[in-house]
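Results of the structural survey
Listed below are the residues making up each chain.
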Amino acid sequence: MKIGQATEATVCYHCGTPCDGHLIAHSKTFCCNGCKTVYEILDSNNLTEFYDLNAGAGTSFKNAGPKKRYEYLDDEVVQRQLIRFSNGNTCRVILTIPAIHCTSCIFLLENLYRIVHGIESSKVHFTKREAHITFDKRKISLRDVVEKLTAIGYEPNIQLDSLNEQKTNFFLRRYYIKIGVAFFAFGNIMLLSFPEYLGLDAITESPFRKIFGYINFVLALPIVLYCASEFFSSAYHALKRKSLNMDVPIALGILAMFFRSSYEIFSYTGAGYFDTLAGLILFMLIGRFFQNKTYEALSFEREYQSYFPVAVTLKNNDKEQQIPLIKLRVGDRILVRNMELIPADAVLLSKNANIDYSFVTGEATPVFRKNGDTIYAGGKQIGGAVEMEVIKEVSQSYLTQLWNDAAFGKQAKENITTLASKVSRWFTPAILLIAIGALLYWLPTDAARAWNAFTSVLIIACPCALALSSPFTLGNVMRLLGRRKIFLKDAITVEKLDQVTAVVFDKTGTLTNTKNAKIEFVNDEGMLAELHAEELKLVKSLVYHSSHPLSKKVNDLLQQVPRYETENFVEADGRGIEGWIAEHHVKAGSKKYIYGENYPGVNAESDFRHASKVYVSIDGEVKGFFLIKNEYRKGFGSLMKTLAEHVSVYVLSGDNDAEKNFLKQYIPAENLVFNQSPSGKLNFIRSLQDQGKQVMMVGDGLNDAGALKQADVGLVISDDANNFSPACDVILDASQFEHLNGLLNATHKGMGVIKVSFGISLLYNCFGLWMAVTGTMSPIFAAILMPISSITIITFTTLASGWRLGRNSLE
Amino acid sequence: MEIMFVLIGISLVFAIGFLAAFIYSVKSGQFDDDYTPSVRILFDNKVNPSSHKKQNTCK
């Protein structure tokens, strides 16, 4: 130890978390046996490079929950859904492993074949957090693969609706191929057009001109027929709907260029515009591609199926059997253990149960249920295992009924009119007018010139630059926001955010941070106080054994406090706990439990609901209670004020109205609504929309799913991106909550950049049109103007949006 | 100068060959992940599943 240095902090060699250093093996310190075991596995297989790449990179086993059960993976039906490819005895499975976070993880997972007999190879896709594992099914089963992965700290996240990833792959690949073909054609056409540019008469007079022309024509065919196909189909669909979008003038321009150039080539009157055509399509494809940036590791589309467990434990005359959720039927008896989700509406068969519905209704305290009560799906059982009988199918439960609402049927909320489509509504008619005007003007004097002018106008007005403004700006805004941990589902969300006029907040978990509650101790005189060290040890020893959320919060507060052994620990579900510790009788729980039924004032309970109280008594003497208050997120107050300056703010909560007085200071009382059911929230959003408002819903839990879908923009506040969040348009990391207003400002700035960029491209268009209407425009002119305008726009939008959004955090 | 036709012809054939190779590589999934390969080459113990022997396996 060096002088001046305090005790050396010991960390676990495997996972890097601080530990007390009493577990030492192989001359290294570990925090628990789990970590030590994984180290030994790696060491015996010569894979210690894992630690050389990143120290302490392992997943910590210290606070690992109860062992997950994977028996359902032996089921044929489940296997067929998960195994992607099967060739004889070789099977390939793609597993999502949220624990992948660094290069060491890649190293270890790609060396799996060394650790696990039966695995032939494995490949990691880091950005998607996936591992593609190939194994021999004679030597190892799918279930074993998953169990071994969990044993080394890389537990896979098994979802049965994970078959939508295929789509992103094919989508991107198509773009790569189209851009590849377009670039190939563009380069070669430009090469063969060089004689034109350089005005080399020697070459242009000879047969070369004809041959080059024909080759250009052949090269242009794949571009127009294959690469540009999406512009044509989009324009066609818009026209069918009797509306105009940006692709209509683009398609017109492409057709004009193609036919005019073909005519010129085959009648030997000119060189054609194939180089401009190819370049234009190439740039626009790149613009489209740029706009389609997605965040592959996040999922914006999670439906309720990914919230519910994949399998449940069925009780068949005292025999337990794991079955996949889809096989669950009405009348089945199921066993739900501690911290497990209740998958379907059921009747309780056990004596009593304690259900935590916080994710569903927003109610923070668990609900106590007796034998015979109906228990709704979606809650988590706290405490011992309970049995229940299913009364409704999974898809018919109270909660999932929400998904039958019309809000979920809508594919895309088509009421958003993008800025680009607004511009194209007058742009296309204007262009057509000018083109026809030029045609009619020149027709009497010089027919050839007239057609020249007509097609030139269509060509030069082809809004390549205009069409690039939106994708590049929006794509850039998305990236800049992503760097600040605000993830948008797609580019159009930026425009939607720009138009928001009302913001609705869920209360529990969204405005409040359920993880960091404030705990204070109040003594029996009603004053803030501290328990003595000895008393703290007694309390800690007691709450350590309880799985009730309130006990856990007290336990977290007393993390550093050492504990004694507890005897005769009794948990009276939902009401309290008691035990004998070091010769003292310690009790903790609700007021009723501690004081007894007959204590005056116990029934006239005005429990502060926004604060929970855990009363404590030692040897019959009540010491006071722990007051646990939900903490509102950092920046809550100032955020409400700044938001109120330009949008209407509402708060919807599934909880009761205990906090109304507190919230009134920030939000007008008529904008606060409590006791909302999930469908109540959805209807509230609808009513706001009927008033003509553009609504953004901010939520976090399953109970907000309907509202999030119905709102124009759904935003989810996430403490951990790997956890479940309902389908939404924006995922905001909880640390960025105070910058919510900054998000809205950023979208305004982004749209401003687009407007300026439109202006610049229109200037280019006017300049080009001035040349085009004279009927003397040459191919070279177009070939120069188009790339220059495109590059100007791309550079401008990228620099301007970067500058406007600023280098620092959003304000 | 007629040789130009031959030269242009050959260069186009080559270019088409490259395009075909590109399309093949995209379709076979080589461009699906552009991050992990950059990390993979930095490992000391090169992963070589075809030549692995039966090692100590974890039970």
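These notes cover the structure that comes with them. (Residues numbered from 1 in each chain as written. Chains lettered and ligands numbered in written order. Predicted model: local features only at pLDDT ≥ 70, side-chain atom pairs only at ≥ 80, totals over all residues. Heavy atoms only, no water.)

1. Brief notes about helix α20 (residues 549-557) of chain A
Of all the positions in α20 of chain A, only Leu550, Ser551, Val554 and Asn555 of chain A are classed as buried. End-on, the buried residues of α20 of chain A take up no more than an arc of 140°, which puts them together on one face. (Buried < 20%, exposed > 50% of the residue type's maximum accessible area, 1.4 Å probe, protein only. Helix = DSSP H or I, 4+ residues; strand = E, 2+ residues; numbered from the N terminus. Arc of directions from axis to C-beta.)

2. Some remarks on the environment of Leu542 of chain A
All names here are of chain A. Residue position: Leu542 is located in helix α19 (residues 533-543). Taking the C-alpha atoms as reference points, Leu542 and Gly34, separated by 508 residues in sequence, lie 25 Å from one another. Residues in contact with Leu542, not counting those within four places in the same chain, are Phe569, Ile577, Glu578, Gly579, Ile581, Val586, Lys587 and Ala588. (Contact = heavy atoms within 4.5 Å.)

3. Here's the deal with the sheet that holds strand β6 (residues 130-136) of chain A
Across a sheet, paired strands are connected by hydrogen bonds in the backbone, their directions being either parallel or antiparallel. Residues and elements named next belong to chain A. The four strands are arranged β3-β4-β6-β5 in an open sheet whose pairing can be described as antiparallel. Each of the sheet's edge strands pairs with one partner strand only, and the pair in question is β3 (83-87) and β5 (119-125). Along the sheet, successive strands turn relative to each other by an average axial angle of 15°, direction set aside. Where β5 meets β6, six bridges bridge the pair, whose relative direction is antiparallel. Looking across to β6, one finds that Val124 is bridged to Ala131. (Pairing = 2+ DSSP bridges. Axes fitted to C-alpha atoms, helices over the stretch in contact; angles between N-to-C directions.)

4. Looking at empty space enclosed by the protein
All names here are of chain A. For the coordinates displayed, the defined rule picks out five cavities of 30 Å³ or more. Space inside the largest cavity adds up to approximately 140 Å³. Together, 16 residues line the largest cavity, and Ile460, Cys462, Asn765, Met786 and Ser789 are the ones closest to its centre. Secondary structure elements with two or more residues in the lining of the largest cavity: α13 (274-291), α15 (447-460), α16 (464-483), α26 (740-772) and α27 (779-805). Looking at the lining of the largest cavity, the element that brings in the most residues is α27, giving four residues. Among the residues making up the lining of the largest cavity, the classes are represented as twelve nonpolar, four polar and no charged. (1 Å grid on protein atoms, 1.4 Å probe; cavity = no way out; pocket = protein on both sides within 12 Å on 5 of 7 lines; lining within 4 Å. Points joined across faces, edges and corners; volume = space filled by probe spheres on them. Nonpolar A, V, L, I, M, F, W, Y, C, P; charged D, E, K, R; others polar.)

5. Section: a nonpolar patch on the surface
A surface patch of nonpolar side chains, amounting to about 650 Å² of accessible area, comprises Ile3, Val6, Leu7, Ile10, Phe14 and Phe18 of chain B. When you line up the elements, Leu7 of chain B lands in helix α1 (residues 3-27). (Patch = residues over 30% accessible without salt bridge, like charges linked within 9 Å, V, L, I, M, F, W, Y side chains within 5 Å. Areas by Shrake-Rupley, 256 points an atom, 1.4 Å probe, with all protein chains shown as cover. Salt bridge = Lys/Arg side-chain N within 4 Å of Asp/Glu carboxyl O.)

6. Observations regarding the sheet that holds strand β14 (residues 380-381) of chain A
All names here are of chain A. Reading across the sheet, the three strands line up as β12-β11-β14 and stay open at both edges, with antiparallel pairing between neighbours. Of all strands in the sheet, those with a lone pairing partner are β12 (367-370) and β14, marking the two edges. Of the strand pairs in this sheet, strand β11 (residues 352-356) and β14 are connected by two bridges, and their pairing is antiparallel. Looking at β14, one finds that Ile355 is bridged to Gln381.

7. Concerning the packing of aromatic side chains
Evaluated as defined, the whole model comprises 34 aromatic pairs over all chains. Seen in terms of ring centroids, Phe217 of chain A and Phe266 of chain A are 5.1 Å apart; in terms of plane orientation they differ by 80°. Their pairing is edge-to-face. Taken together, the residues Phe217 of chain A in helix α10 (residues 207-227) and Phe266 of chain A in helix α12 (residues 247-266) connect sequence positions 49 residues apart. Judged by its relative accessible area of 44%, Phe266 of chain A is partly exposed. Chaining the aromatic ring pairs together yields one cluster made of Phe171, Tyr175, Tyr176 and Phe289 of chain A together with Phe22 and Phe31 of chain B. When the ring centre of Tyr268 of chain A is taken as reference, the NZ or CZ atom of Lys210 of chain A above it lies at 5.5 Å. If you follow Arg449 of chain A out to its NZ or CZ, it ends over the ring of Trp442 of chain A, 4.0 Å from the centre. (Phe/Tyr/Trp six-rings, centres within 6.5 Å; stacked < 30°, edge-to-face > 60°. Lys NZ or Arg CZ within 6 Å of the ring centre and 35° of its normal.)

8. Details of the nonpolar core
Core analysis: the largest hydrophobic core is formed by 139 residues, its most contacted members being Phe505, Met696 and Leu740 of chain A. Per-element tally for this core: the top contributor is α16 of chain A, with eleven residues. (Core = buried A, V, L, I, M, F, W, Y, C linked by side-chain atoms within 4.5 Å.)

9. Here we look at the interface of chain B and chain A
Taken together, the contact pairs 33 residues of chain B with 37 residues of chain A. Carbon and sulfur atoms make up 69% of the surface buried where chain B meets chain A, a total of about 3300 Å² over both sides. Here chain B and chain A share two salt bridges between them. A salt bridge links Glu110 of chain A to Arg40 of chain B, with the shortest nitrogen-to-oxygen separation between them at 2.8 Å. Connecting chain B to chain A are seven residue pairs in polar contact (both at pLDDT 80 or more). (Buried area = accessible area lost by both parts, 1.4 Å probe. Polar contact = N/O pair within 3.5 Å; in protein donor to acceptor, adjacent residues only side chain to side chain.)

10. A look at the side chain of Ser541 of chain A
Residue and element names in this part refer to chain A. Structurally, Ser541 can be placed in helix α19. There is a polar contact of 3.0 Å between the side chain of Ser541 and the backbone nitrogen of Tyr564. Excluding residues within four positions of it along the chain, Ser541 makes contact with Arg563, Tyr564, Thr566 and Ile581.

11. Some thoughts on the pairing of strand β24 (residues 648-652) of chain A
Residues and elements named next belong to chain A. The buried fraction of β24 amounts to four of the five residues, a majority that puts the element mostly inside the structure. Alignment of strand β17 (residues 502-506) against β24, held across five bridges, turns out to be parallel. Bridged to Ala502 within β24 is Ser648. One ladder, built from two bridges, connects β24 with strand β25 (residues 672-673); its direction is parallel. Along β25, the bridge assignment pairs Leu652 with Val673.

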